[in-house]
Amino acid sequence: MKGLLIKDCRLLLQQKNFIILLFLCTIFLFTMAEEPSFIIAYVTLLMVMMFLGTVSYDEFDNGYSFLFTLPISRKEYVLEKYVLCVCASLGAGIVATIACLAGAFVRQNDIEVQTLIVGAACILAVSAGILAVMLPIILKYGPDKLRTISFVIAGVIVACGMLLSKLQIPEGSTIDLAGIMKFIETLGTVGIVVIVALIGIAALIVSFLISVKIMEKKEF
Amino acid sequence: MIKIENLKKNYSKFTLDCSMEVQPGMITGLIGQNGAGKSTTFKSILGLISMDGGSIEIFGKDMSAMTQKDRQQIGVALSDSGFSGWLRIKDIIPILASMYDAFEKEEFIQQCQQFKLPLDKKLKEFSTGMKAKLKVLVAMSHNASLLILDEPTAGLDVVAREQVLDMLRNYMEKDENRTILISSHISSDLEGLCDDIYMIHEGKIVLHEETDVLLSDYAVLKVDETKYDLMDKKYVIKIVKESFGYKCLTNQRQFYQENYPDIVIEKGTIDELIMMMIRGDK
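Residues numbered from 1 in each chain as written. Chains lettered and ligands numbered in written order. Predicted model: local features only at pLDDT ≥ 70, side-chain atom pairs only at ≥ 80, totals over all residues. Heavy atoms only, no water.

Counting secondary structure elements, chain A contains nine helices and zero strands. Taken along the three principal axes of its C-alpha coordinates, chain A extends 60 × 50 × 30 Å. Long-range pairs, those at least 24 residues apart, make up 80% of the contacts in chain A with a sequence separation of at least 6. For chain A, the accessible surface area stands at approximately 12,800 Å², while carbon and sulfur atoms represent 73% of it. Once the 16 positive and 16 negative side-chain charges of chain A are each reduced to a mean point, those two points are 9 Å apart. (Helix = DSSP H or I, 4+ residues; strand = E, 2+ residues; numbered from the N terminus. Contact = heavy atoms within 4.5 Å. Areas by Shrake-Rupley, 256 points an atom, 1.4 Å probe, with all protein chains shown as cover. Lys, Arg positive; Asp, Glu negative; His and termini not counted. Charge placed at Lys NZ, Arg CZ, Asp CG, Glu CD.)

Another aspect to go through is the sheet that holds strand E12 (residues 236-241) of chain B. Residues and elements named next belong to chain B. As summarised here, the arrangement of the four strands in space is E12-E13-E11-E14, forming an open sheet in which the pairing is antiparallel. At either margin of the open sheet sits one strand with a lone partner, and together these are E12 and strand E14 (264-267). Sheet twist, expressed as the mean angle between neighbouring strand axes with direction ignored, is 25 degrees. Where strand E11 (residues 219-223) and E14 come together, four bridges link them in antiparallel fashion. (Pairing = 2+ DSSP bridges. Axes fitted to C-alpha atoms, helices over the stretch in contact; angles between N-to-C directions.)

Often, the extent of an interface is quoted as the loss of accessible area on bringing the components together. The interface is formed by 26 residues belonging to chain A together with 30 residues belonging to chain B. Between chain A and chain B lies a buried interface of about 2,500 Å² when both sides are counted; carbon and sulfur atoms form 59% of it. Connecting chain A to chain B are two salt bridges. A total of seven residues in the side of chain A that touches chain B trace back to one element, the largest contributor, which is helix H1 (residues 2-13) of chain A. Split into classes, the residues belonging to the side of chain A that touches chain B amount to 11 nonpolar, seven polar and eight charged. (Buried area = accessible area lost by both parts, 1.4 Å probe. Salt bridge = Lys/Arg side-chain N within 4 Å of Asp/Glu carboxyl O. Nonpolar A, V, L, I, M, F, W, Y, C, P; charged D, E, K, R; others polar.)

On to the environment of B:Lys238, then. All names here are of chain B. By secondary structure assignment, the location of Lys238 is in strand E12. Overall, the relative accessible area of 18% leaves Lys238 in the buried class. Considering only alpha carbons, one finds Lys238 and Arg279, 41 residues apart in sequence, at a separation of 8.5 Å. Among residues more than four places away in sequence, those in contact with Lys238 are Lys247, Cys248, Leu249, Met276, Met277, Gly280 and Asp281. (Buried < 20%, exposed > 50% of the residue type's maximum accessible area, 1.4 Å probe, protein only.)

Below, the discussion takes up the domain arrangement of chain B. Residue and element names in this part refer to chain B. Partitioning chain B into structural domains gives domain 1 (2-212) and domain 2 (218-279). At the junction of the two partners, domain 1 supplies 10 residues and domain 2 supplies eight residues. Both faces combined, the contact of domain 1 with domain 2 buries some 900 Å², and carbon together with sulfur accounts for 76% of it. For domain 1, the biggest contributors to the area lost against domain 2 are Ser187, Met199 and Leu207; these three give 44% of the whole. Linking domain 1 to domain 2 there are three residue pairs in polar contact (both at pLDDT 80 or more). Listing elements by their share of the side of domain 1 that touches domain 2, those giving two or more residues are helix H7 (187-191), strand E9 (196-201) and strand E10 (204-210). The class makeup of the residues in the side of domain 1 that touches domain 2 is five nonpolar, three polar and two charged. (Domains from an automatic or database assignment. Polar contact = N/O pair within 3.5 Å; in protein donor to acceptor, adjacent residues only side chain to side chain.)

What follows deals with empty space enclosed by the protein. Enumeration according to the criterion identifies one cavity of 30 Å³ or more in this entry. Volume-wise, the largest cavity comes out at about 80 Å³. Around the largest cavity, the lining residues are A:Lys7, A:Tyr57, A:Asp58, A:Gly63, A:Phe66, A:Leu67, B:Gly82, B:Phe83, B:Ser84 and B:Leu87. Those elements that provide at least two residues to the lining of the largest cavity are helix H4 (54-59) and helix H5 (63-67) of chain A. (1 Å grid on protein atoms, 1.4 Å probe; cavity = no way out; pocket = protein on both sides within 12 Å on 5 of 7 lines; lining within 4 Å. Points joined across faces, edges and corners; volume = space filled by probe spheres on them.)

Another point: the nonpolar core. Within the largest apolar cluster, 131 residues are counted, with the highest numbers of intra-cluster contacts made by A:Tyr77, B:Phe83, B:Phe108, B:Leu134 and B:Leu168. The biggest single contributor to this core is helix H7 (residues 113-141) of chain A, with 11 residues. Split by domain, this core shows at least three residues from each of two domains, domain 1 (2-212) and domain 2 (218-279) of chain B. Formed by 12 residues, the second largest nonpolar core is a distinct cluster that contains B:Val223, B:Met231, B:Tyr246 and B:Cys248. (Core = buried A, V, L, I, M, F, W, Y, C linked by side-chain atoms within 4.5 Å.)

Under the definition given, this model contains 22 salt bridges over all chains. One salt bridge connects A:Asp8 with A:Lys7, and the closest N-O pair in it is separated by 2.6 Å. Of the two residues examined, A:Asp8 and A:Lys7, each falls in the buried class. Here B:Asp189 and B:Arg161 are joined by a salt bridge, their closest N and O atoms 3.2 Å apart. Placement of the pair is B:Asp189 in helix H7 and B:Arg161 in helix H6 (residues 158-174), with a sequence separation of 28 residues. Each of the two residues, B:Asp189 as well as B:Arg161, counts as buried. Overlapping salt bridges, with partners in common, bring together A:Lys7, A:Asp8, A:Asp58, A:Glu80 and A:Lys81 in one network.

Right, dumping it as structure tokens:
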């Protein structure tokens, strides 16, 4: 896996102009934006997208054929992609959160540390969810079809959201929303972060197993 | 070194059904037209496609039992695939070093320099010849005992082709157990390199012969209809009807030379052999 990681890092270094631009944008946002969770989400999701892009390099120009003649298994290849993208997402999220906290401390802004951490954990879980959905799709259909499929998925999510918002809890229902909210409050910051992290990890594990099956069935 | 038994792969308009064996210390060539099944055979050996039947053994082991250590013993060059074009040779070096225990970094760099391959230029900016040489150098960079080379000379000019073939000859000279399986549609490349040659046509192996025998014993007889009727045809493999009479492929040149001194006998070349095997009737 080390060789694959080196390959992807070397490929990503080819995008150093993009990385510099991303860094400058982040600094700009950092000085302008009032909402720190926006900066964390922006940096984390951009990094995930950038690292997901390494699949395009592998696939381009029939590259998979040669790649899988090297002494690596398909499972190892999939694992490397997950490790790379999760590390990128975690690294970006943690650095952005620390930067936001430090910025708030320097500017002596009122910031609720617990809210920020819970927000960052949720953003990381969302990025894990995006990764969990997108990586199998990219591996199955290739990066070219990703755009079309992403539109379809976004459409389905919006449609589901709209449907859910129109749903009303029928009278006499046993769902106790107030009780659920109270339960979440009793969990505290650590509890929420742990639960969110567990959901993210579970999504990634299921996604990884699907991706391995996809790659093992692929012919090059 | 490689043993393929009744390998089957079905596509909608093509079926591969082949058996072949590559002996240790030998250079075995696989020839055939475009679409004959060369690449499908190679991809099956390399595990890039699934098999619909049969078995493949490499180093005496079934393919499914191959470990990553075993795979380190194989060097591969494919004509239509390689490292990403955005990488440079200096990016490839640490990748190879971490993937192959026996990667010889200094020698690899030295050979790249010898063939004037720039270390810090993106591979997509390389010429066809430079890319082909790099692919072969990468395959040879880790002391592999088996090289599998699919059309390594495709698209190269005569000089570059000869350089690649020389690289392979030098590689073989260093260790008598090294083995190469190579495909090419340029028959002259294989004539001067291979110990034995398999010919594949429409997914089936139609001929297997040692190159020396092929070049010494195979011949094309050109005869008019009268001579054709009188001629003993027991050593004729394929016949093609021509305007002047018949062209016959034989694997017993000497027999016809001695018994029919008045017929035109042309020494067999691999190109002629391919033509006769594909066009000829028996």
